[in-house]
Amino acid sequence: VEEKYRADIHFAKAVRADAGRDFEKATESVVKALNINPRDDFYARSSTNILLSRINNELDNQRKPSFAKASENEKKESSSRLQNFIAAAVEIANRASSRHPQDSSNWFNRGFVLQNLMNLVQGADNLALASYDEFLKVGGLNQDWNSPLYEDHVKLALEGIKKIADYFECDMNVVRSV
């Protein structure tokens, strides 16, 4: 019980830091929560959301005009951080869904993470679809996600991913023919 409270304290710090856009402190705090209580997938799912925030923040920084003036070393460091955040988010989402495959929340989170990485990770679209399908197979909408809001979100996500995948497949066919 004490371990749960200690982990919750670190998790609360992570949420507060994430809200303040202090992503480094948020990551540090959620990692502490995960290390104290590694069996709680809630911390794992939350850490993937913090990592997605860090990914978006890094991409935003790379789009700034000042980034074009950055040294090659700074650009490589940014690229390396981005790749590390992506790898960590995917690894944590995969680990949670593998460790507790009966937990529909883990499959939904895995699909959400992969859906958010579709423009950055080749094949993420198909993996996101497979994750959402698994979410539905384990009874996600009938079990702990018994809400029309979630049902609509999953349906829209599946439709959107299929449209994006179709678009890129078509685009890739044009590229292959050249």
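Residues numbered from 1 in each chain as written. Predicted model: local features only at pLDDT ≥ 70, side-chain atom pairs only at ≥ 80, totals over all residues. Heavy atoms only, no water.

Caption draft 1: Looking closely at helix α2 (residues 23–36). Taking 1.5 Å per residue, 14 residues should reach 20 Å; α2 reaches 20 Å between its end C-alpha atoms and fits that length. Looking at the buried residues of α2, the elements they touch are α1 (2–19) and α3 (41–63). (Helix = DSSP H or I, 4+ residues; strand = E, 2+ residues; numbered from the N terminus. Expected span 1.5 Å × (residues − 1). Contact = heavy atoms within 4.5 Å.)

Caption draft 2: Quick peek at the packing of α3 against helix α5 (residues 72–99). Axis separation between α3 and α5 bottoms out at 9 Å; the angle between their running directions is 160°. Considering their axes alone, α3 and α5 lie roughly antiparallel with respect to each other. Remark: the crossing between α3 and α5 carries left-handed chirality. Across the interface between the two elements, Asp41, Ala44, Ser47, Thr48, Leu51, Arg54, Ile55, Glu58, Leu59 and Gln62 from α3 touch Ser78, Ser79, Arg81, Leu82, Phe85, Ile86, Ala88, Ala89, Ile92, Ala93, Ala96 and Arg99 from α5. In terms of residue class, the contact of α3 with α5 is built from 12 nonpolar, 5 polar and 5 charged. (Axes fitted to C-alpha atoms, helices over the stretch in contact; angles between N-to-C directions. Parallel < 35°, antiparallel > 145°, perpendicular 65-115°, else oblique. Left-handed = near helix turned anticlockwise from the far one by under 90°. Nonpolar A, V, L, I, M, F, W, Y, C, P; charged D, E, K, R; others polar.)

Caption draft 3: Expanded view of the nonpolar core. Of all hydrophobic cores here, the largest spans 30 residues; its most connected members are Tyr43, Ile55, Val113 and Leu117. Going through the elements one at a time, α1, α2, α3, α5, α6 (104–116) and α7 (124–137) are the ones with two or more residues in this core. Among the elements that make up this core, the one with the highest residue count is α5 (8 residues). Discounting residues that sit within four places of it in the chain, Tyr43 has contacts with Lys4, Ala7, Asp8, Phe11, Val30, Ala33, Leu34 and Asn37. (Core = buried A, V, L, I, M, F, W, Y, C linked by side-chain atoms within 4.5 Å. Buried < 20%, exposed > 50% of the residue type's maximum accessible area, 1.4 Å probe, protein only.)

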